[in-house]
Amino acid sequence: MPNILIVDDSASMRQMVAFTLKGAGYEVEEAVDGADGLKKAKTRAFNIVVTDVNMPNMDGITLIKELRALPNYKFTPLLLLTTESTDDKKQAGKAAGATGWMVKPFNPEQLLATIKKVSG
Amino acid sequence: MTIDMSKFLDTFFEESAEGLDAMESGLLNMQEGAADNELINTIFRGAHSIKGGSATFGLSEVAEFTHHMETLLDEMRAGKRAVARELVDVLLESVDCLRAMLAASKGGDAHNPERAKVLSERMGRMLGVAVESAESVNSENSTSGSQSAVGAGWRIVFSPHAHLYRTGNDPVRMLRELAELGDFKVECDTSRLPHFADAQPEECTLAWTIELRGEIAEQRVREVFDWVDGDCDLSIRKLAADPAVKSSQEAAGIDIKAPETDIKPKKPDAKAPIPDPRSASEATSIRVGIDKVDALINMVGELVITQSMLGQVGKDFDMSRVEKLMHGLSQLERNTRELQESVMRIRMMPISFAFQRFPRMVRDLSQKLTKKIDLRMSGEQTELDKTVMEKIGDPLVHLVRNSVDHGIEMPDVRRAAGKSETGLVTLNAFHQGGNIVIEIKDDGAGLPRDKIIAKARKQGLLGADEEPDDDKVCELIFMAGFSTAEQVSDVSGRGVGMDVVRKNIKALGGSVDVKSEPGKGSTFTIHLPLTLAIMDGQSVLVGQENYIIPLVSIVESIQLKPGMVNLVAGQGEVMRLRDEVMPVLRLYKIFNVASQVTDLHRGLLVVVEGEGKRVGLFVDELMGQQQVVIKSLETNFRKVAGVSGATILGDGTVALILDIPGLIQLAQQPVNVDRVIPVGHIATIAA
């Protein structure tokens, strides 16, 4: 099963996402902000990274930019969680190298559908 | 897959509370006109997380409300909106309102929906939008599937740009997704494929033509390519319908099966019982820094090593190994002490937890009183036991209110006195010895000496012809039933005054006093023990019994010479020490212990101080100093005059800890031995 890194500064969102994904059999690791996420991403190669946009220390867009520059993450699906469905945020994400996005609020079913879309 | 969202609610409430605190302190630090981006970002993130979480966890009311705050903050962040006082006020009020809304969702008191509505409208007006727009929080996702285009199927030409792989997207996965939608046929176009020698493995040079048959909404097909918009050339055309399919096409137009994925968030019943409905405000868990836990683990490691070392020594023990044993034991002692210190440190929290409410409080109060006041805080990182911190909160609030209300003068008065119009209240905390000291200082008018004296006379606390010195005046304000406010104001002086403050602080084993200079301000100083559970004690021997005297209260120990002690009628024995007269208490008499040492010259006199008074305690002998763990006598037995608690000594016996202020009170009345319980009795019960 793919292993997934979740980066979000909100513990409740992290818990929800992790719980849902673990329930579906994925292996999940959590990081509390972009900087933490980058650090963890460097320790092993995750198959998928899901990150929030607004976070202290390092935001999600920067994280994606940094990850995409790493050889291990050149082709890895990197997903943004965003409440802003506006185009400029999506474009900023794309420009940084995001694979796709998921608009908050989402429910577990949507989350699993999206992850399935990029796994395997 | 159904997941009960309510299980994440507790975490959400906890982090929202933290988020709100951060927003509040951020808003309070905001300078009018100046946009501090980092600050605004922090506040924005707070609102943003609460909005995201509440929408996800089904608290739509909260989500709608937060949406406005977020939008306002977003505009500030983008520099489109200046930091104005009115804006900050609205946001602060909204923080309060959100707190109430979250508390209500958590199962506390119902909040006032009117207030949320009024605030929403105010924010809406600022944004220049109608309040209804908040609906868009949830509606922005529910648009999918409303497309009516459904046909016999689709012919899709998908030709990705070379860099597609580098976005993390993969045509294989997209084709797989398409295949799930209907009857799927694909043809690969290899015309762009370069010669093998020139092939770039990281580039995408293939293209596909897909025929997808079935009643599929165009939206569903487009969704598959949503993320690669701009990274590929895409054309999606309707397939010519088969006659068989055509007949159903009309129907299909109406029958757009709302796509199975219902995008609206699942709403768990907000009133569903949340597990563990603890009273809202009492936090029973503490956050501990990793470094503290690491230190603890280290220490335990050391302990294990020492233990195995001692085990080795004990295996085949003979006298030649005594030295090793002693060495091991002293190491064990060191480990234990360090371990104890580390464990105690876990309970220690920075005093900023108690301080953080003050910026807001002072701001609100100064607005209410139309005074101009700056609050300056320092030493917020000073650590203090969690229990002490919780109990010091109210007295601190009282003292700060007092400084703001009584201390700082109105701006015109200050100007007339040649001071700056803006008053300054300073909160400071630092460690001193085994104590933590908290200072509350204002640069106001100082204590009104004449008013205090007049009031005290009226209350009968002071004789008509008594002319108290400054210290005595300061003492007066701590006396019961004393409140200087001429009228009982809304802010302070509700009758319960400084006497309650002092009582509460004393109950923590601390003290409070005040220094004041007319026209320059006053300083309240609180001394508190770092922790309530452990203290440094001096063990003393009386007869066969050990007693512990708190080390902090000991002034000195002396050997008496004949002639130092006199018998004074009505006062008992009194000693003269360097021009100071103090009563002498014979502990063996007070506690009714049989002692060989009854001659004052043969024992020792420990001079102790409490509440500014001194007494000499007569004991047989001084034993060692040690840290003792305080056990409550009240929970195990009952309150005993002159004793504050008990502890268990190394050899397993119980020693009573003396209550010095209590003993001093005892000294002021004729000793009545009958009131005191024989100590042997206590020891058996407490053990």
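Heads up: these notes are all about the structure in this document. (Residues numbered from 1 in each chain as written. Chains lettered and ligands numbered in written order. Predicted model: local features only at pLDDT ≥ 70, side-chain atom pairs only at ≥ 80, totals over all residues.)

## As for the overall build of chain A
- Broken down by element type, chain A carries five helices and five strands.
- Burial analysis of chain A (120 residues in total) assigns 53% to the buried set. (Helix = DSSP H or I, 4+ residues; strand = E, 2+ residues; numbered from the N terminus. Buried ≥ 20, exposed ≤ 12 C-beta atoms within 10 Å, placed from the backbone.)

## Brief notes about the interface of chain A and chain B
- Each side of the interface is counted separately: chain A has 34 residues, and chain B has 31 residues.
- Broken down by secondary-structure element, the contributors of at least two residues to the side of chain A that touches chain B are α1 (11–23), β5 (100–103) and α5 (108–118) of chain A.
- A total of eight residues in the side of chain A that touches chain B trace back to one element, the largest contributor, which is α1(A).
- A per-class count over the side of chain A that touches chain B returns 14 nonpolar, 15 polar and five charged. (Contact = placed C-beta atoms within 7 Å. Nonpolar A, V, L, I, M, F, W, Y, C, P; charged D, E, K, R; others polar.)

## Remarks on the pairing of strand β19 (residues 613–619) of chain B
All names here are of chain B.
- The buried count for β19 comes to six of seven residues, which makes it a mostly enclosed element.
- Across three bridges, the pairing between strand β17 (residues 580–586) and β19 is parallel. Bridging across to β19, Val584 finds its partner in Gly616.
- In this structure, strand β18 (residues 604–610) lies alongside β19, joined through seven bridges in antiparallel fashion. Bridge pairing links Val608 to Val615 in β19. (Pairing = 2+ DSSP bridges.)

## Some words on the sheet that holds strand β16 (residues 572–577) of chain B
All names here are of chain B.
- Strand order in this open sheet of six strands is β14-β18-β19-β17-β16-β15, and the pairing throughout is mixed. The sheet terminates laterally at β14 (554–558) and β15 (565–568), the two strands that pair on one side only. For this sheet, the mean angle separating the axes of adjacent strands, direction not counted, is 35°.
- Inspection of the sheet shows β16 paired to β17 by four bridges, in the antiparallel sense. Paired with Met575 across the strands is Met582, a residue of β17. (Axes fitted to C-alpha atoms, helices over the stretch in contact; angles between N-to-C directions.)

## Some points on the sheet that holds strand β21 (residues 643–648) of chain B
Residues and elements named next belong to chain B.
- One open sheet accounts for five strands, arranged β20-β12-β13-β22-β21; its pairing is mixed. The two strands at the open ends of the sheet, each matched to only one other strand, are β20 (621–629) and β21. Geometrically, the sheet is characterised by an average inter-axis angle of 35° between neighbouring strands, direction not taken into account.
- Note that strand β12 (residues 534–542) and β20 share seven bridges and pair antiparallel. Residue pairing for β20: Leu541 is matched across the bridge by Glu621.

## Overview of the environment of B:Thr647
Residue and element names in this part refer to chain B.
- Residue placement: Thr647 occurs in strand β21.
- Sequence spacing of Thr647 and Gln627 is 20 residues, and the spatial spacing of their C-alpha atoms is 10.0 Å.
- Setting aside residues no more than four positions away along its own chain, Thr647 makes contact with Ile548, Val628, Val629, Ile630, Lys631, Ala655 and Ile657.

## Looking at the packing of helix α15 (residues 386–407) of chain B against helix α19 (residues 498–507) of chain B
Residue and element names in this part refer to chain B.
- At their nearest, the axes of α15 and α19 sit 9 Å apart, and the two run at 155° to each other. Comparing their axes, α19 and α15 come out roughly antiparallel. Judged by the twist between their axes, the crossing of α15 over α19 is left-handed. Residues Lys391, Asp394, Pro395, His398 and Leu399 of α15 lie in contact with α19, whose contacting residues are Val501, Asn504 and Ile505. (Parallel < 35°, antiparallel > 145°, perpendicular 65-115°, else oblique. Left-handed = near helix turned anticlockwise from the far one by under 90°.)

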